[in-house]
Amino acid sequence: MIDAVKISDSENNSAAPNEEKFTLNADEFKYFVLELKDMFVEGKEIDGGKAYRNAKYLAEIDRRFNRVKAGHYVEHELIEVEDE
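An account of the accompanying structure is given in this report. (Residues numbered from 1 in each chain as written. Predicted model: local features only at pLDDT ≥ 70, side-chain atom pairs only at ≥ 80, totals over all residues. Heavy atoms only, no water.)

### Examining the pattern of salt bridges
Here's step 1: Under the defined criterion, the tally for this structure stands at five salt bridges.
Here's step 2: For the salt bridge of Glu28 with Arg63, the shortest nitrogen-to-oxygen distance reads 3.7 Å. In this pair, Glu28 is assigned in helix α1 (residues 26-41) and Arg63 in helix α2 (residues 48-69), connecting sequence segments 35 residues apart.
Here's step 3: Here Arg63 makes a salt bridge to Glu60, at a shortest N to O gap of 2.9 Å. Taken together, the residues span about one helical turn, with Arg63 and Glu60 both in helix α2 at a distance of three residues. (Salt bridge = Lys/Arg side-chain N within 4 Å of Asp/Glu carboxyl O. Helix = DSSP H or I, 4+ residues; strand = E, 2+ residues; numbered from the N terminus.)

### Some points on the environment of Arg63
Here's step 1: The class for Arg63 is partly exposed, based on a relative accessible area of 31%.
Here's step 2: Sequence-wise, Arg63 and Asp27 are 36 residues apart; in three dimensions their C-alpha atoms are separated by 9.4 Å.
Here's step 3: If we skip the residues at most four places from it in the chain, Arg63 touches Asn25, Glu28 and Lys56.
Here's step 4: Side chain to side chain, Arg63 and Glu60 meet in a polar contact 2.9 Å long. (Buried < 20%, exposed > 50% of the residue type's maximum accessible area, 1.4 Å probe, protein only. Contact = heavy atoms within 4.5 Å. Polar contact = N/O pair within 3.5 Å; in protein donor to acceptor, adjacent residues only side chain to side chain.)

So this is what it looks like as structure tokens:
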């Protein structure tokens, strides 16, 4: 099982001083691969940074929906404000 994947993003794939490292858990990595696949299939330029950000976002949405499905949410009542 993969807990996290580190991805290096540098201009020429060498150990440059401006190299950034990204960490993805298994759910985020699934979305990262899907984002890259979609870019490839659509003939778009492959943008690893955009795929990384989208993967993080989509995985977070999944986590939140799963929490709601599991009953971990708070219901709020609508408070009506009277006009003065």
